[in-house]
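# Chain and residue survey
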Amino acid sequence: MCEKIFVCFPGRSCRSFRLKDLSGPFSERWARFSAWTRTVTQLDTRPDPDMRIRSDSEHVRENLFASQSRSSPAGKWFRGKLPRFWGNQNPGAAVPGPPADGQPAVDAGPSAATCTFEQLLQDKRFFEASRQLIDRENQLLGDTTEQDKLKDCAEELSQLRADHDALEKMVVQSVQQSLSLVADEVMDEAAASALAAALASAVKAVYEEEVQDQRWKRRKSRSPSNWKKLHDATLRSLVESRLDSPVTRLAGEGEQSSLQLDVQAMGRQLREDLLLVVTALKGCYPPEADICHFYATLYHQAFSTRLRKMADFVLDEKDCTFVLRWVNDYYPGILKMSELTGEIGVAELGKLLPEDTLKSLEEQYLEKQKSDLWTYIHRVLEEEERKWADGEEPKRDDGCYVSPLAFDVIQLISGMVTAATAVTGSQDKAQVLTCKLPDFLSSWFKHFQENVMKQNGSNNRAHVKANLGCVEQFRDVLQRKSHFFQEDVQKSCLCILTEMKQAVHSYLLSPVHKTLRPQYLKVGTKDWLKKDLFDNLLSKIEKEAVELQGSSLPCHQELMGQFHREVTEEYVRKLLRGELKLKSREQQQAAYTAVADNAEGLHRLFRKMGSKEEWLKEILTMMAEVLKLQDLPAIQMQIVSLGSAYPDFSEKHVSALLKLKTNVSKADRRTVKETLSDTRRESNAGAAAPPFFSKIEVK
């Protein structure tokens, strides 16, 4: 048997070159090989007895779906290695070096010059057979175009055409077997190597015939063979047949529809065949053929055509979701596999379905998902309302009252938005599912106020504390996972939650302030300067705070912070009403000491109870300093410091504070206020402080 493998191009990645016209993928690239082919005809084609086959293929990885682990045909690529047929610039030269990894040397057999055309066909040495036919054609036709001379060799021309047709038929057969190089269809490595060698030889023959067509095209002596178009058409037909009858088609799995089974089978076939092209067939083509991308284009077009026909029918919800998931998730995932990276121009392929079809499917999918989501969410709210109506005590977790409402709603939103992002391939499109969240929060707030906060049930305060935790959970997810929501939806929801938190705080704290009112009334009076009166207030605060326990730690800390602020506001409000008149330096010093001590006492108590509002102590301390100071310039500086730190500290607050000091005249008060006003105009506003004085009205 005659055997010779030509190695013509250095091994390079298929993506080193890009085909410019996918409708005729090899149209301009074939001409580049004309110079090489002319060189080949001049070389000594005798085989090198030391020629070796280089190994270059790799095993492909696991099946497409890990949850359905089955052996993949592409994954059964030969246990041995295949040669790289385009690895040497000199087609007649042997691959240098000793056999790799102990592989046996391949007997190249006799040279093409000593083999008949029939022997070359039998041995599937199509390139050498093509060279023989070209030599015969050149000898018969030469440079002549005269009809009488052509008639003299009619018999030889007839035989040449017959031989040419026989070679073409076998070349096509070899190309048709391109994707049959799997262990299930090839029984041993020798047969595999022979198939690969035959394909590489057929590809070279196609290239050579294209060059010959260009020669005769210029002389107009015969019609072109167009083997390159035949090659492309053969591969297109091969790809379409592979998708029409996937070898990986599986029987019905679970509740999958026939459409889902068909799409999944085609997807698996596409994946395995592309891996086979990259790991095996790539070496049978020159780099400029860009064969990996060409195959990917054929599969993309074939897959797209079949998927488009399926999508033309009205799909049920499951099939609609499945098709979208393949288009936007599974299929792009195949093309981005590490084995295919750099071999395929993914961006050039585009989407499997046209934009109008995708839009229609996405609208169908999103509308159903949105409807389902809010149906589930309202069921969660209905269950919570049932517990309110039945007077059922909320569950405790680590001593804190908890409600599952927020957790259940957040899980539903997170799961469905995440799934919609994968199915549609767009985070922005998936955000439409949460557009009704403000309506839900408003409904929840309204029902909560009517059924819990305005009622007198025995467990209502427990439900209020539990739902305070829900407010915190919703606020956290809106801020931490803002990509789930459109910007206007997020802002609306945060405003509703802030309003609800304030209402809950007021519900819990109003009774406490009512209890503390007798102690508040003594602030700013003559008796207030007695230390034991304020200590009594602190004791009452600590006692009432026990009843406020029961919410989660972050919520309790916020509640204590609000309690701390409201107590401080009430303290300042009562102090500035002006009942106490500090006439002497001693009285003013005593007032300073009382306010400073009170500030420290409140700070220490509320910090112990969980408040994080450290800044409240500073307000009372700065006001105490004003009461102590005697010199007008010093008072001016302290007022400016207080007014700069808290922009809502108004001139009315300045007057009320200075009126406590009877030795500060009206003119002095005016001077201090003018100094503060001038300073604010001239200085740039610093970091905004939390509002405080704006909540304290003074006359």
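Anything mentioned here points back to the structure above.
Residues numbered from 1 in each chain as written. Predicted model: local features only at pLDDT ≥ 70, side-chain atom pairs only at ≥ 80, totals over all residues. Heavy atoms only, no water.

### Brief notes about the overall build of the protein chain
Put simply, the rule is: Strands here are runs of E lasting at least two residues and helices are runs of H or I lasting at least four, both read from the DSSP assignment and numbered beginning at the N terminus. Think of it in three bands: residues with accessible area under 20% of the maximum for their type are buried, residues over 50% are exposed, and the middle band is partly exposed, with areas taken using a 1.4 Å probe on protein chains only. By the convention used here, residues are in contact when the closest approach between their heavy atoms is within 4.5 Å. For the area figures, the Shrake-Rupley method with a 1.4 Å probe applies, and any residue is considered shielded solely by the protein chains shown.
Along the backbone of the protein chain there are 24 helices and two strands. A buried classification covers 51% of the 699 residues belonging to the protein chain. Sequence separation of at least 24 residues holds for 80% of the intrachain contacts in the protein chain that already meet a minimum separation of 6. Just so you have it, the protein chain exposes about 33,400 Å², and 49% of that area is on carbon and sulfur atoms.

### Side note on the packing of helix α10 (residues 317-335) against helix α13 (residues 405-424)
Quick reminder of the rule: Fitted lines through C-alpha atoms give the axes, limited to the stretch in contact for helices. The angle between two N-to-C directions lies from 0 to 180 degrees. Should an angle lie under 35 degrees it is considered roughly parallel, over 145 roughly antiparallel, and from 65 to 115 roughly perpendicular; all remaining angles are considered oblique.
The interhelical angle for the contact between α10 and α13, taken along N-to-C directions, is 70°, at an axis separation of 6 Å. For the element pair α10 / α13, the angle class is roughly perpendicular. Between α10 and α13, the contacting residues are Thr321, Leu324, Arg325, Asn328 and Asp329 on the first element and Ala422, Val423 and Thr424 on the second.

### With respect to the nonpolar core
Let me state the cut-off plainly: To form a nonpolar core, buried Ala, Val, Leu, Ile, Met, Phe, Trp, Tyr and Cys residues must be joined to one another through side-chain atoms within 4.5 Å.
If you look at the biggest cluster of nonpolar residues, it comprises 159 residues, and the most contacted ones within it are Tyr295 and Trp444. If one sorts the elements of this core by residue count, helix α17 (residues 487-520) sits on top with 13 residues. The contact partners of Trp444, leaving out residues within four places of it in the chain, are Leu381, Trp388, Leu405, Asn467, Cys470, Val471, Phe474, Leu497 and Met500. Of all hydrophobic cores here, the second largest spans 19 residues; its members include Cys115, Leu121, Cys153 and Val171.

### Observations regarding the pattern of salt bridges
Applied cut-off: Salt bridges are counted wherever a side-chain nitrogen of Lys or Arg sits within 4 Å of a carboxyl oxygen of Asp or Glu.
Counted according to the given criterion, the structure contains 27 salt bridges. Here Arg386 makes a salt bridge to Asp390, at a shortest N to O gap of 2.9 Å. Note that Arg386 and Asp390 are positioned in helix α12 (residues 355-390) at a spacing of four residues, about one turn of the helix. On the basis of relative accessible area, Arg386 is assigned to the partly exposed category, the value being 35%. A relative accessible area of 51% places Asp390 in the exposed class. Members of the salt-bridge network, linked through shared partners, are Glu383, Arg386, Asp390 and Glu392.

### Describing helix α3 (residues 126-141)
This is how it is decided: To estimate the expected span of a helix, count its residues, drop one, and scale the result by 1.5 Å.
Here α3 spans 22 Å end to end across 16 residues, near enough to the 22 Å set by a 1.5 Å rise per residue. If you check which residues of α3 are buried, you get Phe126, Phe127, Glu128, Ala129, Ser130, Arg131, Gln132, Leu133, Ile134, Glu137 and Leu141.

### Observations regarding the environment of Ala154
Structurally, Ala154 can be placed in helix α5 (residues 154-176). Since its relative accessible area comes to 41%, Ala154 is described here as partly exposed. Linking Ala154 and Leu140, residues 14 residues apart in sequence, is a C-alpha distance of 9.6 Å.

### Remarks on the packing of aromatic side chains
Given two aromatic rings, their pairing is described by the distance between the two centres and the angle made by the two planes. Going by this rule: Only rings of Phe, Tyr and Trp enter the pairing, Trp through its six-membered ring, and a pair is recorded when the two centres are within 6.5 Å. The plane angle decides the type: under 30 degrees is stacked, over 60 is edge-to-face, the rest tilted. Charge over a ring is defined by NZ of Lys or CZ of Arg lying within 6 Å of the ring centre and within 35 degrees of the ring normal.
For the structure on display, the rule yields 16 aromatic pairs. Judged by centre distance (6.0 Å) and plane angle (85°), the rings of Phe534 and Tyr571 are edge-to-face. Note that Phe534 is positioned in helix α18 (residues 531-546) and Tyr571 in helix α19 (residues 553-576), a separation of 37 residues in sequence. A network of ring pairs unites the aromatic residues Trp615, Tyr646, Phe649, Phe692 and Phe693 as a single cluster. Arg396 extends its terminal NZ or CZ atom over the ring of Tyr401, reaching a point 4.0 Å from the ring centre. Looking at Lys628, its charged tip hangs above the ring of Tyr592, at a distance of 4.5 Å from the centre.

### A few points about helix α24 (residues 666-682)
Short version of the rule: This arc describes the spread of directions from the helix axis toward the C-beta atoms.
Look at α24: 25 Å from first C-alpha to last across 17 residues, which is about the 24 Å you get at 1.5 Å a residue. Of all the residues in α24, the buried ones are Arg669, Val672 and Leu676. Buried positions in α24, seen along its axis, are confined to an arc of 65° and lie on one side of it. Across from the buried face of α24, at angles greater than 90 degrees, the exposed residues are Lys666, Arg681 and Glu682. Those residues of α24 that are buried are in contact with α22 (632-645) and α23 (651-659).

### Re the environment of Glu128
Within the fold, Glu128 resides in helix α3. Counting along the chain gives 77 residues from Glu128 to Ala205, while the straight-line C-alpha distance between them is 7.9 Å.

### Concerning a positive patch on the surface
Formally: Patch rule: a residue counts if its relative accessible area is over 30% and it has no salt bridge; like charges are joined within 9 Å, and nonpolar side chains (Val, Leu, Ile, Met, Phe, Trp, Tyr) within 5 Å. All tallies of charge rest on Lys and Arg as positive and Asp and Glu as negative; His and the ends of each chain are not included. In this description, the location of a charge corresponds to atom NZ of lysine, CZ of arginine, CG of aspartate or CD of glutamate.
A cluster of basic residues, Lys581, Lys659, Lys666 and Arg670, forms a positive patch at the surface. In this structure, Lys581 sits in the loop between α19 and α20 (585-609). For Lys581, a relative accessible area of 38% gives the class partly exposed.

### Brief notes about the packing of α3 against α5
Note the cut-off: Handedness of a crossing is defined here by the sense of rotation of the near helix relative to the far one, left-handed for an anticlockwise turn of less than a right angle and right-handed for a clockwise turn.
Interaxial distance between α3 and α5 falls to 11 Å at its minimum, and their mutual angle equals 160°. If you check the angle between α3 and α5, you find them roughly antiparallel. Regarding α3 and α5, the two cross each other, and that crossing is left-handed. Taking contact as the criterion, the partners of Phe126, Ala129, Ser130, Leu133, Arg136, Glu137, Leu140 and Leu141 in α3 are, on α5, Glu156, Leu157, Gln159, Leu160, Asp163, His164, Leu167, Met170, Val171 and Ser174.

### Observations regarding unusual backbone geometry
Notably, Asn226 is not glycine yet its phi reads approximately 55°, a positive angle. Residue position: Asn226 is located in the loop between α6 (189-219) and α7 (227-244). Of note, Asp398 is a non-glycine position whose phi angle comes to about 55°, a positive value. Residue placement: Asp398 occurs in the loop between β1 (395-397) and β2 (400-402).

Read these as spatial facts, not as claims about activity.
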